[in-house]
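Residues per chain are reported as follows:
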Amino acid sequence: MRILFMNSVFPGRFRSLAQTLGALPNNTVLFLAETGQRFAISGVRRLRLAPPAPCDSDDAAEREAVTRLRRAACAGNAMLSLRKDGFVPDLVCAAANMGGSFYVRDIFPRAFYATFADWFYNNGESHCFFTQGTPRPPAEFASARVCNLWEYNAICDSHLAVTSSIWQRAQYPEALQGGIKVVHNGINTKFFAPEEEFGAAAEGEAGPWKGNGHELVTFCGPMHDPARGFDQFKQCLPRLLELRPNCFVVLAWLDTARTGQLENGVPRCGEQKEAGPAMRRAVDILGIDQRYRARVHLLGARSLKEYRAMLQNATVHVHMAAPHVFSTGLLEAMACGSLVLASDTPPVREVVQDGVNGLLCDFWDHEAMAAALAEALEKAPQLGHLRRNARQTVLRSYDADVQTRRMIDLIFSSMGAMAG
């Protein structure tokens, strides 16, 4: 079988699927991408696309539309070159949202086209979440409307449309929802597992979470992204540190400007530089009283094993998520057996049941968040069943090996149904 993957980043969401299909005998697998990690996938040939030239316009919607059309043209020309060279795919797997697959059906009309839908913008809860229900000016939705055009095109052109969560599917118009399947990519539950499953910690996994004997609260999310709740968590810290004098806090954020990539769905966060002026300024941003500062650590780019060790050693891990695309960070923490305190928002409630496999709190109420964290730290020794249930939830519904087999079965059965 001849298979073509298309995504802005290599391999991105298609890593496990490309690995599995590339390993099958008699498959020829090509992957078109603009950027990505510098590693090879056995059986997969990577082809680089030039990124689209920027659009110089004062109109945000125009910039969005022109950039996506230019990306579509670059990808279309690459597909035409492949066809000229004799490569005509039987299967195309492509991301819906960035425009690269815009001309798939025109250039490869006989290929089975599977599209992976990320997000559809609407004027519902996700759009008004940060205004707490107050409608935004219509002009603020212009760029989002342009983004939706590519989702419409991909889903209506495709033979199979897949998205990652029930919440994400529910954002699409009712006329499209019935044709969208829900299959999450899953995470590597062999790598993301409780520390006791690995025995002694591997060399290089030491960090501020090791050997301190304190209660440990962890948080991972970029400071600049309001959807990940950094500001809300920051506001709860003074009260939390006052309530729990033995509490120790570790925060990490995604240094994508420096690394540019994700590995295995996990952001690499960089060297710890707590003594440097940049880190001191970052601590100042938190507004922590001087007497508490020794108990708060901010981390830069860290290896995957160190990231995992942080999750494994957390007394409580905090995960905040606005109503938007489902974050795998929650699953990684749960797979490591973390006791998770998460925001009571729709994408989180799809996975976390309060008091069953984790704890939920109000995204906006930082005083209640501090109180909930203090209570979770107090009761943590009695909440081992929540940790175990959290891992079982991920093993049951989000294991990457299982999800990849589900995805392949869905694709092949859909191809068979179309051929029959």
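Residues numbered from 1 in each chain as written. Predicted model: local features only at pLDDT ≥ 70, side-chain atom pairs only at ≥ 80, totals over all residues. Heavy atoms only, no water.

**Some thoughts on the sheet that holds strand E11 (residues 247-252)**
The strand order E14-E11-E10-E15-E16-E17 describes an open sheet built from 6 strands, whose pairing is parallel. Looking at which strands have only one partner, the edges of the open sheet turn out to be strand E14 (296-299) and strand E17 (359-361). The mean inter-strand angle of the sheet, taken between neighbouring strand axes irrespective of direction, is 20°. Bridge count for E11 against E14 is 4 bridges, and the pairing is parallel. (Pairing = 2+ DSSP bridges. Helix = DSSP H or I, 4+ residues; strand = E, 2+ residues; numbered from the N terminus. Axes fitted to C-alpha atoms, helices over the stretch in contact; angles between N-to-C directions.)

**Some remarks on the layout of surface pockets**
Considering only enclosed or pocket space, the second largest pocket measures out at about 260 Å³ in volume. Taken together, 15 residues form the lining of the second largest pocket, with Tyr121, Ser126, His127, Arg136 and His324 sitting closest to its centre. Grouping the amino acids of the lining of the second largest pocket by side-chain chemistry returns 9 nonpolar, 4 polar and 2 charged. (1 Å grid on protein atoms, 1.4 Å probe; cavity = no way out; pocket = protein on both sides within 12 Å on 5 of 7 lines; lining within 4 Å. Points joined across faces, edges and corners; volume = space filled by probe spheres on them. Nonpolar A, V, L, I, M, F, W, Y, C, P; charged D, E, K, R; others polar.)

**Observations concerning the confidence of the model for the protein chain**
Residues with a pLDDT of 70 or more make up 87% of the protein chain, whose mean pLDDT is 87. Note that residues 200-204 has pLDDT below 50 and, in this model, 4 contacts with residues that lie over four places away or in other chains. (pLDDT = per-residue confidence, 0-100. Contact = heavy atoms within 4.5 Å.)

**Some words on the pairing of strand E6 (residues 91-95)**
Of all 5 residues making up E6, 5 are buried, and the element is well covered by its neighbours. Alternating positions in E6 separate into two faces, Leu91, Cys93 and Ala95 on one and Val92 and Ala94 on the other, with burial throughout. Relative to E6, strand E1 (residues 2-6) runs parallel, the two sharing 4 bridges. In the sheet register, Ile3 faces E6, and the bridge partner there is Leu91. Bridging between E6 and strand E7 (residues 112-116) involves 5 bridges; their strand directions are parallel. Directly across from Ala95, in E7, lies its bridge partner Phe116. (Buried < 20%, exposed > 50% of the residue type's maximum accessible area, 1.4 Å probe, protein only.)

**Concerning empty space enclosed by the protein**
The final tally for this structure, using the stated rule, is 3 cavities of 30 Å³ or more. Its volume calculated, the largest cavity comes out at about 110 Å³. Lining of the largest cavity is provided by 13 residues; of these, Met6, Asn7, Ser8, Arg71 and Gly100 occupy positions nearest its centre. Looking at the lining of the largest cavity, its residues break down into 6 nonpolar, 5 polar and 2 charged.

**Remarks on a nonpolar patch on the surface**
Taken together, the side chains of Met1, Leu24 and Phe412 present a nonpolar region at the surface, about 230 Å² in accessible area. Structurally, Leu24 can be placed in the loop between helix H1 (15-23) and strand E3 (28-33). (Patch = residues over 30% accessible without salt bridge, like charges linked within 9 Å, V, L, I, M, F, W, Y side chains within 5 Å. Areas by Shrake-Rupley, 256 points an atom, 1.4 Å probe, with all protein chains shown as cover. Salt bridge = Lys/Arg side-chain N within 4 Å of Asp/Glu carboxyl O.)

**A few points about the pattern of salt bridges**
Pairing between side chains of opposite charge can happen when the charged atoms of each approach one another. One pass over the structure, following the stated rule, counts 12 salt bridges. With a closest N to O distance of 2.7 Å, Lys190 and Asp401 form a salt bridge. With Lys190 in the loop between strand E9 (180-182) and strand E10 (215-220) and Asp401 in helix H16 (residues 400-419), this residue pair connects regions lying 211 residues apart in the sequence. Lys190 sits in the exposed class, given a relative accessible area of 58%. You can call Asp401 partly exposed: its relative accessible area is 36%. Overlapping salt bridges, with partners in common, bring together Glu215, Arg244 and Glu378 in one network.

**Looking at the packing of helix H2 (residues 60-84) against helix H5 (residues 142-157)**
Packing of H2 against H5 leaves a shortest axis separation of 7 Å and a crossing angle of 25°. Our classification of the angle between H2 and H5 gives roughly parallel. Here the hand of the crossing between H2 and H5 comes out right-handed. Contacts from Ala60, Ala61, Glu64, Ala65, Arg68 and Leu69 in H2 reach Ala142, Ser143, Val146, Cys147 and Trp150 in H5. (Parallel < 35°, antiparallel > 145°, perpendicular 65-115°, else oblique. Left-handed = near helix turned anticlockwise from the far one by under 90°.)

**Focus on unusual backbone geometry**
A cis amide bond, omega -15°, links Phe10 with the succeeding residue Pro11. Considering the arrangement of structural elements, one finds Pro11 in the loop between strand E2 (9-10) and H1. Of note in the backbone geometry, Asn26 takes a positive phi value of approximately 70° without being a glycine. Within the secondary structure, Asn26 sits in the loop between H1 and E3.

**A closer look at the packing of helix H12 (residues 328-335) against helix H15 (residues 384-397)**
Their axes nearest at 7 Å, the elements H12 and H15 cross at an angle of 120°. Looking at the two axes, H12 sits oblique to H15. Pair H12 / H15 crosses with left-handed handedness. Counting all contacts with H12, which are made through Leu331, Met334 and Ala335, the residues of H15 involved are Ala390, Arg391, Thr393 and Val394.

**A look at the side chain of Arg387**
With respect to the element layout, Arg387 can be found in helix H15. Nearest to the buried, unbridged Arg387 among oppositely charged side chains is Glu196, at 8.0 Å. In this structure the side chain of Arg387 is engaged in a polar contact, spanning 2.8 Å, whose partner is the backbone oxygen of Thr315. In this structure, Arg387 is in contact with Ala314, Thr315, Gly337, Ser338 and Leu339, ignoring residues within four places of it in sequence. (Lys, Arg positive; Asp, Glu negative; His and termini not counted. Polar contact = N/O pair within 3.5 Å; in protein donor to acceptor, adjacent residues only side chain to side chain.)

**Concerning the sheet that holds E1**
The 7 strands are arranged E5-E3-E1-E6-E7-E8-E9 in an open sheet whose pairing can be described as parallel. Sheet topology places strand E5 (44-48) and E9 at the edges, where each strand pairs with a single neighbour. Strand after strand, the sheet turns through a mean of 20° between neighbouring axes, direction not considered. The sheet contact formed by E1 and E3 spans 5 bridges and is parallel. In the strand pairing of E3, Leu4 is matched with Leu30. Across the sheet, H5 is in contact with E7, strand E8 (160-163) and E9; its angle to E7 comes to roughly 145°.

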